[in-house]
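# Topology and contacts: notes
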Amino acid sequence: MIKKHFKYLAFLLLTVCLVGFLSAQKSASPARGQKKVENTDPALRLKWHEQHLAMEASTPYRSLQWRHIGGGIESQGGRCTDVDVPLNNKKVIYVATATGGLWKSENAGVTWQPITDDFPTLSVGDIAVSGSNPNVIYVGTGEANIFRASIAGTGVYKSTDGGKTWQHCGLTDTNTIARIRIHPTNPDIVYVAASGHEWSYNPERGVFKTTDGGRTWQKVLYVDEKTGCIDLVMDPKNPEVLIASMWNRIRQRWSDPVPEDGDYLYKTTDGGKTWKRLTDGLPDTKYTGRIGLDLCAGKPNVVYAYVDNHTPTRQPSPGERDSYGRQRTYPDIVGAEVYRSDDQGESWVKVNPSDRLFERFGGTYGWVFGQIRVDPNNENTVYIMGLGLYKSTDGGKTWTQLYWENLHGDHHGLWIDPDDSDHLLNVNDGGCNESFDGGKTWRDFYSGIQAIQFYNVEFDMNKPFTVYGSVQDSGTHRGLGVAPQSAPPSGQRRFRQARVHWERAPGGEGTIIAIDPTDPNTVYSSSFYGRLMRSEYKNGSWVSKEIYPKPAEGEPEHRGQWLAPTVLSPHNPNIVYHGFQYVFRSLNRGESWEKISPDLTAYDPKKQGRLPYAIPFATLTAISESPLKFGVIYAGTDDGRVHLTRDGGVSWTEITAGLPYNKHVWCIETSKFDPGTVYIALIGRHDDDFAPYIFKSTDFGKTWINISANLPGGPTNVIREDPKRKGLLYVGTDYGVYVSTDDGRSWNCLGSGLPNAPVWDLKIHPRDNMLVIATNGRGMWVIDDVSPLQK
């Protein structure tokens, strides 16, 4: 009798699991009536920004002050994209950052100030200071390197007073700008190299020209909606002569830019009226990608081109893995090539050696580099930028790496002093560096330019507590000694809080971090693409163990997102949930795992990239367990699916209906006050869609209510519920932080003193009532006490 009972239970359990699996698989196709939304109207983006500024000025919560707590460590100030210096005053330096705005120093780098904090976007692709009038500055917004986390620009901005005030000059829908060239004697004549949308095709790309200081523009070079301009050089002695590098590229959710045919150089000798294609001596474009350009200002007939050539060469060895730990199934490539022309582009000769250095110079992601500079006083001195910074003094025949202990990797720009060729300014993923000896030694400005790009924030329960966050190209950082900075009693001096001390912590640059609330020395984080490890701090150092669930024998590797979700159960910190395309659960801190879901994505083999360009797609991006009931778990994906289990994974139900189609699920927040209430934030960034998407359900996802209300645009990156007051919600967008005291029916801008930086994560410390935010471009910030909101 007992055996029959157990057999029946086993049969019932198997049936429930099978029904849940089939239900999840069947609902993978999009619901009827769902449409793909992409390419937000550029005028609407500008209107949203005006609304944000108005809400910022009128908020009833201005008394809540934002305080910057940093985020940088040694050799880390944040990714920078360009640098320029006025010719009449070398003490003035302008540095452009990828997502932290434009910074200015007036004392040769001793101190720095951000000067574009009220722009609609803090992503800068290029800057140019007029040689004839140094007060005239043009800024092209939108980083052209198109990282997976790049922020779209809103066109060109101009200052005529050295950056004190700005005016918008149009080209809003370009989204990315790679280069700006100003006429040497007339600052009203400007050329812009626009590379276009990152995730979609659009016609607002190519070379644009203005002759009236940016009031009107003419598109003077256009190939098609796929091909933008990635670099542009001008002959300073004959500014009617320009050479443009055109790049056919797009980023897919499942793939970095793949080399496509059509990446040509074009030349004009009449200021853009006519152009001709330059091909003599250059490689076939079938496998080439981005091409960088520069010429020697002193001898402008000498032009160099840095070609990212993906023509295949050596096949991989058995068992060989790439830098991300993935099995290599693809060959080596030719890599970086340097070509020289002595007749201003009419003919070209390859000058660099074909060796291992140039094969690996930009990895397989040369699309993010492509920068080359020529000494304005010596046509044989050339610099190229990739993972490292290299210099040649013999016209490209031999190369030496410029290395110094504080010189960060991944280089994006270089300024060479025309009056002293040994004076260099280099920008890279760590910040800005300066050399006075031709690159032999360097000093840094990392502490002055705080442009740290955090992906997320987590904290422990120490007192004072420690914050953690993963940082672009720098791994995981943690800041020790975070505590509220209280206002002093009347008549007393303000208490000076000890500075937050930042140091490295376990984890890669792309990881979600989870910390045991009962043991602050136990941290969970990943290296890349969800390869989870558990780290324990013992005797002054970290001891890490790889614990991520491996595929069964014969199964393909799991698909893990760049920020693969990891959460600890609010009911038991020894229970860990981790997401690939499946939800995995461990009951013993990751020592063993069980798969508790089917594939919850809408997996389509046609939407899977090929190595080395592939990015894992159709993956989980958010997991959240109800703090009110164990086993009630929500899971969201990068292809817009949301599922729920109410029985610990025995069965799953898709609850996507009512949500926008195919938007990346960025955050799921289960309510601490009501078991059926859940909040969700989705983003359309990967469709060049910048609308706000914030939804709420009070019936376990059966129906959804759009609570974006009066939020002025997005993307909406995160939503959190206050731990103490029901209906008090916080949202982080690319403009800042908003708060609702009525459960999402209306929103107000929160606090004062925060730049328009992209807020990618936020959390409220349940004990200290501190709100901590992670910005992708300006480090971490806090509001010391949110209790006025809770009251």
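Residues numbered from 1 in each chain as written. Predicted model: local features only at pLDDT ≥ 70, side-chain atom pairs only at ≥ 80, totals over all residues. Heavy atoms only, no water.

## Brief notes about the pairing of strand β50 (residues 716-721)
The condition that has to hold: Only protein chains enter the accessibility calculation, which uses a 1.4 Å probe; a residue whose area is less than 20% of its type maximum is buried, one above 50% is exposed, and one in between is partly exposed. A run of H or I in DSSP counts as a helix once it spans at least four residues, and a run of E counts as a strand once it spans at least two, with each numbered from the N terminus. Two strands qualify as a pair provided DSSP detects at least 2 bridges between them.
With six of its six residues buried, β50 lies for the most part within the structure. Here β50 runs beside strand β51 (residues 729-733); their pairing, made up of five bridges, is antiparallel. When the bridges of β51 are listed, Arg720 appears paired with Tyr730.

## Digging into the pairing of strand β19 (residues 303-312)
In terms of residue burial, β19 counts as a mostly covered element, since eight of its ten residues are buried. As defined by bridge partners, strand β18 (residues 288-295) adjoins β19 across six bridges and the pair is classed as antiparallel. By the bridge assignment for β19, Thr288 is matched with Asn309. Pairing of β19 with strand β20 (residues 333-341) involves eight bridges; the strand directions are antiparallel. Bridge pairing in β20 places Pro312 opposite Ile333.

## Some words on the sheet that holds strand β21 (residues 349-350)
The strand order across the open sheet built from four strands is β18-β19-β20-β21, with neighbouring strands paired in antiparallel fashion. Where the open sheet ends on each side, the last strands, each with one partner, are β18 and β21.

## Structural notes on the pattern of salt bridges
The condition is simple: Salt bridges are defined by distance alone: a side-chain nitrogen of Lys or Arg within 4 Å of a carboxyl oxygen of Asp or Glu.
Taken as a whole and judged by the stated rule, the model has 43 salt bridges. Salt bridges linked by common partners bring Arg314, Glu320, Asp332, Arg356, Glu359 and Arg360 together as one network.

## Regarding the confidence of the model for the chain
Keep in mind that low pLDDT regions are not for reading the predicted coordinates in detail. Rules: The quantity known as pLDDT measures the predictor's confidence residue by residue, on a range of 0 to 100. The criterion used for residue contact is that any of the two residues' heavy atoms lie within 4.5 Å.
When pLDDT is averaged along the chain, the result is 92; 94% of the residues meet or exceed 70. Scored below 50 in pLDDT, residues 488-497 makes eleven contacts in the model with residues more than four places away or belonging to other chains.

## Side note on the sheet that holds strand β29 (residues 443-444)
Pairing within the open sheet is antiparallel, and its four strands lie in the order β26-β27-β28-β29. The two strands at the open ends of the sheet, each matched to only one other strand, are β26 (411-416) and β29. In this sheet, β29 lies alongside strand β28 (residues 431-435) in antiparallel orientation, the contact comprising two bridges. Bridge pairing in β29 places Asn433 opposite Asp444.

## Concerning the nonpolar core
Heads up, the rule is: For this analysis, a nonpolar core means a set of buried residues of the types Ala, Val, Leu, Ile, Met, Phe, Trp, Tyr and Cys, connected via side-chain atoms within 4.5 Å.
Formed by 53 residues in total, the largest nonpolar core has its most connected members in Ile719, Tyr730, Leu750 and Leu771. The contact partners of Leu771, leaving out residues within four places of it in the chain, are Trp66, Tyr730, Leu750, Leu762, Lys763, Ile764, Trp781, Val782, Ile783 and Val786. Core analysis: the next-biggest nonpolar cluster, separate from the first, contains 24 residues, Ala178, Phe361, Trp367 and Val382 among them.

## Observations concerning the packing of aromatic side chains
Put simply, the rule reads: Here a Phe, Tyr or Trp ring, Trp counted by its six-membered ring, pairs with any other such ring whose centre lies within 6.5 Å, and the pair is stacked when the planes are under 30 degrees apart, edge-to-face when over 60, and tilted otherwise. The criterion is that NZ of a Lys, or CZ of an Arg, lies within 6 Å of the ring centre and within 35 degrees of the ring normal, and then a charge sits over that ring.
All chains considered together, the criterion is met by 18 aromatic pairs. Between Phe147 and Trp367, the ring centres sit 6.4 Å apart and the planes meet at 75°, which makes this aromatic pair edge-to-face. Placement of Phe147 in the loop between β7 (137-141) and β8 (156-159) and of Trp367 in the loop between α3 (356-359) and β22 (371-374) is noted, with a sequence separation of 220 residues between them. As far as burial versus exposure is concerned, Phe147 and Trp367 are alike and both buried. Put simply, the rings of Tyr306, Phe358, Phe361, Tyr390 and Trp399 pair up and form one aromatic cluster. When the ring centre of Phe147 is taken as origin, the NZ or CZ atom of Arg79, which lies over that ring, is 3.7 Å away.

## Thoughts on empty space enclosed by the protein
Spelled out, the test is: Of the two site types, the cavity is a set of points on a 1 Å grid over the protein atoms alone where a 1.4 Å probe fits but cannot get out, and the pocket is an open set with protein on both sides within 12 Å along at least five of seven lines, each lined by residues with an atom within 4 Å of a point. Grid points are joined across faces, edges and corners, and a volume is the space filled by probe spheres set on the points. Just so you know the grouping, Ala, Val, Leu, Ile, Met, Phe, Trp, Tyr, Cys and Pro go in nonpolar, Asp, Glu, Lys and Arg go in charged, and all remaining residues, Gly too, go in polar.
Counting across every chain of the model gives five cavities of 30 Å³ or more. Here the largest cavity is characterised by a volume of approximately 130 Å³. Together, 14 residues line the largest cavity, and Arg45, Pro120, Ile151, Gly714 and Asp734 are the ones closest to its centre. By residue class, the composition of the lining of the largest cavity is nine nonpolar, three polar and two charged. For the second largest cavity, the calculated volume is near 90 Å³. Secondary-structure elements contributing two or more residues to the lining of the second largest cavity are β2 (80-84), β6 (124-129) and β10 (177-182). Residues that form the lining of the second largest cavity fall into these classes: three nonpolar, five polar and five charged.

## Details of unusual backbone geometry
Omega for the bond connecting Lys463 with Pro464 falls within 30 degrees of zero, at -5°, which places this linkage in the cis form. Note on placement: Pro464 falls in the loop between β30 (458-459) and β31 (465-471). Cis geometry marks the peptide bond from Gly714 to Pro715, where omega comes out at -5°. Positionally, Pro715 belongs in the loop between β49 (705-706) and β50. A positive phi angle, near 55°, is found at Leu171, a position not held by glycine.

## Thoughts on the layout of surface pockets
Roughly 990 Å³ of internal volume is contained in the second largest pocket. Lining the second largest pocket are 31 residues; nearest its centre among them are Asp84, Arg181, Asp294, Ala297 and Trp415. Of all the elements in the fold, those that place two or more residues in the lining of the second largest pocket are β2, β6, β10, β14 (227-234), β18, β22 and β26. Among the residues making up the lining of the second largest pocket, the classes are represented as 21 nonpolar, three polar and seven charged.

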